[in-house]
Amino acid sequence: YTREEVGRHRCLRDRVWVTHGTEVFDVTDFVELHPGGADKLLLAAGGALEPFWALYAVHNQPHVLELLREYKVGELSPAEAPAAPDTAQDPFAGDPPRHPGLRVNSQKPFNAEPPAELLAERFLTPNELFFTRNHLPVPAVDPGSYRLRVEGPGGRELSLSLAELRSRFPKHEVTATLQCAGNRRTEMSRVRPVKGLAWDIGAISTARWGGARLRDVLLHAGFGEEREGEWHVCFEGLDADPGGAPYGASIPYGRAVSPAADVLLAYEMNGEELPRDHGFPVRVVSPSHWQQNDYKGFCPSVDWDTVDYSAAPAIQELPVQSAITHPRPGAAVPAGELTVKGYAWSGGGREVVR
């Protein structure tokens, strides 16, 4: 079989096929018997098992492979191989590979969220399943030549290599939940149409971030500890639009230098090097977000024809957010006791009370 043929079998109605190595399996009759639940197995329907088994090492045992082979229906064609794409005109051709379990909301630029069924399985979201929010192609950065540049009023400048950022400043770690402001937009649109990507409930993830405090870097660059007027610290990414303008955001200067704010220049994510999709080589991690023409909230009487971004304050902290991740809406569940899973989160570092 070709991978395209396997991909046609993604649901119980069309049969559920998966691959492992070069072998093809029809696991339809095993779906309801799967110890991890039918919904988990269906995440791999029509594709390869390996990316999912890599997250759940319990599968890499002889008796699991023996059980799987009972459902074998054939082999992948020897000629089966990924086609070489024409990368000459595609600015997204250099994007990194992604986990096939992600629910893709847009391919170019790539924006995706973890399946809700997996979101509450672990407190820390695996890097491969952390929600991805891109506005532009993901830049390819040479860590050896990378420089972090800090510039400010009075001609003060600082340039740091990645090695210098790691060695000159104490490493600090923070466990933080990040959320796209458009999380659950599909639910919002059922009440009233909303523009933007149709995020489900998975545009939120948690990781343990490691890096240098932004405060330490700013003080090292010669900037004062006191809040200086209405300054903001503006961040510019290496991802740029066709006109050369980089993606950017900012936070108030007072928060950037606050010892209690825990604003990081993160270079690690869950103990690993920061992935390209999540800001390699350095990402700012902060509970605040600001932009002039985006990420602002308005009352229900404002619509897209009357909105005035200059009249609204910037979103600095998001409100409480909670969602049920399992079972999914409309799912059939057995009678009797049922375990319900979900998440609750409150922005700005506030605790969830109940």
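Being a predicted model, the structure only gives us computed values, none of them experimental.

Q: Before we go on, may I ask you to explain the sheet that holds strand 1 (residues 10-11) in this structure?
A: Consider a sheet: its strands pair through backbone hydrogen bonds, and that pairing is either parallel or antiparallel. Here we have four strands laid out as an open sheet, ordered 1-2-3-4, and antiparallel in their pairing. In the strand order of this sheet, the two ends are held by strand 1 and strand 4 (72-75), each with one partner. The pairing of strand 2 (residues 15-20) with strand 3 (residues 23-26) spans four bridges and is antiparallel. Considered in strand 3, the bridge of Thr19 is made with Val24. Lying on the sheet, helix 4 (residues 62-69) is in contact with strand 2, strand 3 and strand 4; it crosses strand 3 at an angle near 70°.

Q: Can you help me understand the pairing of strand 9 (residues 157-161) in this one?
A: Consecutive side chains of a regular strand alternate in pointing toward one face of the sheet and then the other. Pairing of strand 8 (residues 147-151) with strand 9, which is carried by five bridges, proceeds in the antiparallel orientation. Paired with Arg149 across the two strands is Ser159, which belongs to strand 9. What sits between the antiparallel neighbours strand 8 and strand 9 is a turn of five residues, in which Gly154 has the positive phi angle 85°.

Q: In this structure, what is going on with the nonpolar core? I would like to understand it.
A: It is characteristic of soluble globular proteins that their nonpolar side chains tend to be buried jointly. Counting 27 residues, the largest nonpolar core has Leu165, Leu214, Val217 and Leu218 as the members making the most contacts within it. Sort the elements by how many residues they give to this core and helix 8 (residues 214-220) lands first, with three residues. Aside from chain neighbours lying at most four places away, what touches Leu165 is Leu148, Leu160, Ala212, Val217, Leu265, Tyr267 and Val282. If you look at the next biggest cluster of nonpolar residues, it comprises 22 residues, including Val18, Leu41, Val64 and Leu129.

Q: Sorry if this is basic, but what is going on with the domain arrangement of the protein here?
A: How big an interface is tends to be reported as the loss of accessible area on association of its parts. According to the domain assignment, the protein consists of domain 1 (3-75) and domain 2 (103-291). Relative placement of domain 1 and domain 2: their C-alpha centres are 35 Å apart. For the pairing of domain 1 and domain 2, the buried interface totals around 640 Å² over both sides, and the portion due to carbon and sulfur atoms is 68%. Salt-bridge contacts for Lys40 lead to Glu121; the nearest nitrogen and oxygen are separated by 3.6 Å. Our count for the domain 1 to domain 2 interface comes out at zero residue pairs in polar contact (both at pLDDT 80 or more).

Q: What is the right way to look at a nonpolar patch on the surface in this model?
A: A contiguous nonpolar surface patch, about 340 Å² in accessible area, is contributed by Ile324, Val333, Leu338 and Val340. In this fold, Val333 is placed in the loop between strand 17 (321-326) and strand 18 (341-345). Residue classification places Val333 among the partly exposed residues on the basis of a relative accessible area of 43%.

About the criteria used
- Residues numbered from 1 in each chain as written.
- Predicted model: local features only at pLDDT ≥ 70, side-chain atom pairs only at ≥ 80, totals over all residues.
- Heavy atoms only, no water.
- Pairing = 2+ DSSP bridges.
- Helix = DSSP H or I, 4+ residues; strand = E, 2+ residues; numbered from the N terminus.
- Contact = heavy atoms within 4.5 Å.
- Axes fitted to C-alpha atoms, helices over the stretch in contact; angles between N-to-C directions.
- Core = buried A, V, L, I, M, F, W, Y, C linked by side-chain atoms within 4.5 Å.
- Buried < 20%, exposed > 50% of the residue type's maximum accessible area, 1.4 Å probe, protein only.
- Domains from an automatic or database assignment.
- Buried area = accessible area lost by both parts, 1.4 Å probe.
- Salt bridge = Lys/Arg side-chain N within 4 Å of Asp/Glu carboxyl O.
- Polar contact = N/O pair within 3.5 Å; in protein donor to acceptor, adjacent residues only side chain to side chain.
- Patch = residues over 30% accessible without salt bridge, like charges linked within 9 Å, V, L, I, M, F, W, Y side chains within 5 Å.
- Areas by Shrake-Rupley, 256 points an atom, 1.4 Å probe, with all protein chains shown as cover.

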